[in-house]
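Chain by chain, the residues:
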Amino acid sequence: MNNQYILTWQCPDSSGVLAKVTQALFEHGAFITETSQYSDPYTDTFFSRIAFDDRQLKVPMEEFTDALEALAKPLQLHYQLRNAAQLPKVVIAVSKDEHCLVSLLTKWRAGVLPIDIVAVVSNHQKCEAICQFHELPYHYLPIADDKVAQEQQLLAVFEQYQGDLLVLARYMQILSDQLCTRLAGKAINIHHSFLPGFKGARPYHQAHKRGVKIIGATAHYVTSDLDEGPIIVQEVKAIDHSYTIEQMVHTGHDIEAIALSRAVRLHAEQRICLNGDKTVILT
Ligand SMILES: Nc1nc2c(c(=O)[nH]1)N[C@@H](CN(C=O)c1ccc(C(=O)N[C@@H](CCC(=O)O)C(=O)O)cc1)CN2
C-alpha cells in the first residue's frame, strides 16, 4: 500500500508557482493523485492542495521534504505536508445539547470522518452516558465560580491527549483571548444561526422574534471575537410563520450537525486555507 501525502500551501501569487511546485514533485517521483487551487485577486495570494503518493518516489521522504523546504524560501510558501494516515487527534467540547456530539461520534465510528476522537470535555454531565457507550474518556469540568481555572483544566485535557483540533460541539462557554490565541486555526465552533445574523447564546429566539423564513448553522474557526471567526461551512433550511421556537431549535439540530461534521472533515483532509478573516476551501 502506497503512503498518501497531502501538501497544502499558499504563497504570493505569481506566474509559474504551481508549475515550480509540481515540477519538484515530478523530479522526485511524487505521484500526484489530486490537485485543487485558487488564485485570490483581492489578496494576490495563491492557494493549492496537492495529494500524492510514494509509489514512484525516487528519494527518501526526508530528502523530498528538504527539497520542498529549499523551494519554499524563494517562493515564500506557507505550507503543511502530512502523511494522510496520521489522523488528527480531536477533543470535543460539549455543554447540554448532545446532537452535534452524537453526529460526530456516529460518523467517526462509521469511518467517514478521518479523525481520531481522543476525549470529550464538558461543563455538564448530561453527555457522559453517550461517551461511556463509545468507550471514550469524558472529562467533567464544571464552571463552578472560577471560569479561568475551568478553562485551564480544558486546555490541560487538550494537551494531555496531544490534541490537534478542539471541536466546540455546542459548547456554551466563551473561550478567553489567551486560549483562542493558543488554539488559532485548531478550534472549530458550530454556531446555531446563519452568521452574521443572530450572534450570541440564543439565536433561535432572536430568529423567531425577527420572523425569518430561513434558519441556518455556521461552522467557523474560533477567535476571541465571539461568532466572528473565519467561516468554513454554512447550512440553511427554509421554515415558515408556523414554526414555534422549539420547532426551529429541533429543525436546526440537523443542519448544525451536518455543518459541523462537514467542517471537521474538510479540516481533517487539510482542505482549508486561512485567507485573512476568511477561508479558502480546496475540494
Ligand atoms: N472565543 C470564542 N468562544 C466561543 C465562541 C466563539 O466564537 N469565540 N463560540 C461559542 C459558541 N457560541 C455560539 O456559537 C456561544 C456560546 C456561549 C455564549 C454565551 O453568551 N455564553 C455565556 C454563558 C452561557 C451559559 O452559561 O449558558 C458566557 O460564556 O458568559 C455565546 C455564544 C463557544 N465559545
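Rules used in this analysis
- Numbering of residues starts from 1 in every chain and runs along the sequence as written.
- It should be noted that, the model being predicted, local features are given only for residues of pLDDT at least 70 and side-chain atom pairs only at 80 or more, the latter also being counted only at that level, while totals for whole chains, interfaces and linings use all residues.
- Water and hydrogen atoms play no part in the side-chain values, which are based on all heavy atoms of the structure.
- UniProt positions are given in the numbering used here, feature names are shortened, and annotations may be inferred rather than shown by experiment.
- Secondary structure elements follow DSSP: runs of H or I no shorter than four residues count as helices, runs of E no shorter than two count as strands, and numbering proceeds from the N terminus.
- What counts as an axis is a line fitted to C-alpha atoms, over the stretch in contact for a helix, and the angles between N-to-C directions run from 0 to 180 degrees.
- For this classification, under 35 degrees means roughly parallel, over 145 means roughly antiparallel, 65 to 115 means roughly perpendicular, and everything else is oblique.
- Note on convention: the crossing is left-handed when the near helix lies turned anticlockwise from the far helix by less than a right angle, right-handed when the turn is clockwise.
- In this description, contact between two residues means that some pair of their heavy atoms is separated by no more than 4.5 Å.
- Each residue's exposure class comes from its accessible area (1.4 Å probe, protein chains only) as a fraction of the maximum for that residue type: buried when under 20%, exposed when over 50%, partly exposed otherwise.
- Here, strands pair whenever DSSP counts at least two bridges between them.
- Nearness of a residue to a molecule or strand requires only that one of the residue's heavy atoms be within 4 Å of it.
- Under this definition, polar contacts are N or O atom pairs within 3.5 Å; protein pairs additionally need one hydrogen-donor-capable and one acceptor-capable atom, and for neighbouring residues in sequence, both atoms have to be side-chain atoms.
- Each accessible area is a Shrake-Rupley result for a 1.4 Å probe, and residues are judged covered by the shown protein chains and nothing else.
- Lys, Arg, Asp and Glu make up the charged group, whereas Ala, Val, Leu, Ile, Met, Phe, Trp, Tyr, Cys and Pro make up the nonpolar group; the residues left over, Gly among them, are polar.

Concerning the UniProt feature "domain: ACT" (unreviewed entry) in the protein chain
The positions that UniProt labels "domain: ACT" (unreviewed entry) are, in the present scheme, residues 6-80. Structurally, residues 6-80 comprises 35% helix and 39% strand, and the distance from its first C-alpha atom to its last is 8 Å.

So, the packing of helix α7 (residues 203-210) against helix α8 (residues 245-268)
Between α7 and α8, the least distance of the axes is 10 Å, while the angle of their chain directions is 125°. Between α7 and α8, the interaxial angle falls into the category oblique. Crossing of α7 against α8: the hand is right-handed. For the pair α7 and α8, contact is made by Y204, H205, A207 and H208 and by I245, M248, V249, G252, H253 and E256, respectively.

A few points about helix α3 (residues 99-109)
H99, C100, L101, S103, L104, L105 and W108 are the residues of α3 that are buried. Buried residues along α3 sit in contact with β5 (89-94), β6 (116-122), α4 (128-133), β8 (165-168), β9 (187-191) and α8. Of the residues trailing α3, G111 is marked for its positive phi of about 80°.

Some remarks on the sheet that holds strand β11 (residues 231-238)
With mixed pairing, seven strands are arranged side by side in an open sheet as β7-β6-β5-β8-β9-β10-β11. Of all the strands in the sheet, just β7 (138-140) and β11 have a single pairing partner and so form its edges. Geometrically, the sheet is characterised by an average inter-axis angle of 15° between neighbouring strands, direction not taken into account. Across three bridges, the pairing between β8 and β9 is parallel. Across the sheet, the residue bridging to V167 is I188, located in β9. Each of β5, β6, β7 and β8 is contacted by helix α5 (residues 147-160), which is oriented at about 135° to β8, the strand it contacts most.

With respect to the site of the ligand
Lining the immediate environment of the ligand, one finds 19 residues, of which Q173, L175, H191, T223 and D227 sit closest. At 3.3 Å from an oxygen atom of the ligand is found a main-chain nitrogen or oxygen belonging to I174. Measuring from a nitrogen atom of the ligand, one finds a backbone N or O atom of T223 at 2.9 Å. Here the ligand has 710 Å² of accessible area as a free molecule, and 77% of this is covered by the chains. With three residues, the single largest contributor to the shell around the ligand is β9. Classifying every residue of the shell around the ligand gives ten nonpolar, seven polar and two charged.

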